[in-house]
Amino acid sequence: MKRHLPVAELARDSRFAHVTMRDRFNDPRSVRPPTEAEGGPGRRNVNRLTPARKDASDAARVLMHGIFVGEIQALEGAGRTCFDFETGDGVDQAPFALKLDMARQCWDEARHCEMSAKLSDWMGTEIGEFAENTVLFEAACSNDPVLRLAGVNRALEGLAIDVFTTMREFGEVATDPVLAFCEDWMLADEVTHVKMGSDWLRRLTEHDPARRAAALEFQRVVDKLFSYGGTRSDSDESPIGLARRFRELAGFTEDEVAEVAELSLSALGEAKERKEQLRREAAEAMLATAQG
Amino acid sequence: MSVTVSPEQFSLVLFESAEIHRVATELLERIGMAEVDLVVDVDETSPLARIEVLYGDPLTVKGDSGSFEDPRHPRHTDADIIATSLGRVLLRARDRASGTFDDAPADMALTLAQSAAWDTYSVGRLTRAGYPTNRQRWLYNYRNRHGFSDVADETFDRLWQADGLSWAELDAASAAAVSATAAAASAR
């Protein structure tokens, strides 16, 4: 079996359609309503996913499908970390106990895939109904197992904590007995996965500050990327909130949580600027075409 | 019948106005609205899926680009999704023109539960008109607005299979589900 599998070689059947991060960032459309100066109502834009939203059911279905494909990629990532490295304590190796933790995580993720597929059925979503973004697996492709722990277990699974908390609250408010129950169980596992990442990161880099700094820097990059241009932040403009308490339980320090919060808000601001720029460019191109 | 799609050319999404025109024309025929003049006004700046009808002559449907978009291929259209989005609001317009929905609140004044009930009634009819729909998706939406209960499921089935309802009948079914869920919650 091949080691270090590139994302293009992930096994997917014809039901799945792939969308890249570049495609997402290059979508010039914006959920932001026009400001007062632009002739809009000037209201604060509230996008948090709650049942009170008119599009709540469909927005929850989209997010649930995102969770489903995320679980598949998390399973693939953890499985790869078990297999891609020789067993040992070297920089390019993974200790046996770490592989055992990753194997346990695979078991959890496989269960989550099954739960997410059944939840999608419950919500009326077909497998592959929405495009799959494989950026999650891409974070699990580093040659250094510590970077994978930082990128996947700390950043990605940290995002999963935020997502599951939002979905659990959604299920509770909607009195959906199945959704709230399932999300709560998966949330418990995610806290464990993040804690495993935090513990291993500290243990493996205990005497190697440069490696720790590189891993934390990688985590920052992934965290910002996983904020999906502002999808997750403390702001009500983001559909997914930051689950501070569960992050603390998962081994994040107060400063680390504050840093994720700051990064997420900055990603939200950058996404707004980027979309404005793309819209200006499209308008200029349209005008140029119209003028012949 | 005339169908006009605006804009004729899209710059932010990869939509073809001819495709929307074709689907809308066929839809009007299949749901018995062949005599209607229709304007479809697409807001390509928004990826959301809001859609509304401006009642008048011609009938105008204003929709965000997300209402017509293929979720597997962002920024591209999907014929079935165009038909479902347009069909849902056009059947609502047809109901209002029938005389049996004169007492229905304006669209903006509908509660989330009433709106979900009307969507159920409309999508059920679209399904019987031959358009592929996912019943479970609409049941989930109905449950989110009426509660996860046997009464909600039973009224959903009734609305989904119905034809020729009046507003009073539709609203009564919705209200029955909402009150049954509220009663069950207070009993807990």
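Residues numbered from 1 in each chain as written. Chains lettered and ligands numbered in written order. Predicted model: local features only at pLDDT ≥ 70, side-chain atom pairs only at ≥ 80, totals over all residues.

For the rest of this paragraph, the subject is the packing of helix α4 (residues 135–146) of chain B against helix α5 (residues 150–161) of chain B. Residue and element names in this part refer to chain B. Taken N-terminus to C-terminus, the directions of α4 and α5 make an angle of 130°; their axes are 10 Å apart at the nearest point. In terms of axis orientation, α4 runs oblique to α5. Crossing angle aside, the handedness with which α4 passes α5 is right-handed. Within the contact between the two elements, α4 uses Arg135, Leu139, Tyr142, Arg143 and His146 and α5 uses Ala152, Phe156 and Trp160. Along the lines of polarity and charge, the residues of the contact of α4 with α5 split into five nonpolar, one polar and two charged. (Axes fitted to C-alpha atoms, helices over the stretch in contact; angles between N-to-C directions. Helix = DSSP H or I, 4+ residues; strand = E, 2+ residues; numbered from the N terminus. Parallel < 35°, antiparallel > 145°, perpendicular 65-115°, else oblique. Left-handed = near helix turned anticlockwise from the far one by under 90°. Contact = placed C-beta atoms within 7 Å. Nonpolar A, V, L, I, M, F, W, Y, C, P; charged D, E, K, R; others polar.)

Right, let's get into helix α3 (residues 96–123) of chain A. Residues lying three or four places apart along an α-helix face the same way, a consequence of the helix completing one turn every 3.6 residues. Helix length check: α3(A), at 28 residues, gives a terminal C-alpha distance of 40 Å against a target of 40 Å (1.5 Å per residue), a fit within 8%. Along its buried surface, α3(A) packs onto α2 (56–84), β3 (93–94), α5 (145–173) and α6 (177–204) of chain A together with α4 of chain B. Two residues or fewer past α3(A), A:Gly124 is found with a positive phi of approximately 80°. (Expected span 1.5 Å × (residues − 1).)

Take the interface of chain A and chain B next. Often, the extent of an interface is quoted as the loss of accessible area upon association of its parts. Opposite the 30 residues of chain A that make contact, chain B presents 24 residues. In terms of residues, the side of chain A that touches chain B owes the most to one element, helix α9 (residues 254–290) of chain A, which gives four residues. In the side of chain A that touches chain B, the residues fall into 14 nonpolar, six polar and ten charged.

Soluble globular proteins: nonpolar side chains tend toward being buried together. In this structure, A:Ala150, A:Leu156, A:Ile161, A:Val163 and B:Ala117 are the most contacted members of the largest nonpolar core, which totals 81 residues. Ranked by residue count, the leading element in this core is α5(A), at 14 residues. In contact with A:Ala150, other than residues within four places in its own chain, are A:Ala155, A:Leu201, A:Ala215, A:Leu216, A:Phe218 and A:Gln219. Membership of the second largest hydrophobic core comes to 22 residues, among which are B:Ile20, B:Val40, B:Phe68 and B:Ile82. (Core = buried A, V, L, I, M, F, W, Y, C linked by C-beta atoms within 7 Å. Buried ≥ 20, exposed ≤ 12 C-beta atoms within 10 Å, placed from the backbone.)

What follows deals with the sheet that holds strand β4 (residues 59–64) of chain B. Residues and elements named next belong to chain B. A sheet is described by the order of its strands in space; here four strands give the open sequence β1-β2-β4-β3, paired in mixed fashion. The open sheet terminates on both sides in strands that have one partner only, identified here as β1 (2–6) and β3 (51–54). Strand-to-strand twist across the sheet, computed as the mean angle between neighbouring axes with direction ignored, equals 15°. Inspection of the sheet shows strand β2 (residues 37–43) paired to β4 by six bridges, in the parallel sense. (Pairing = 2+ DSSP bridges.)

These figures capture arrangement, not role.
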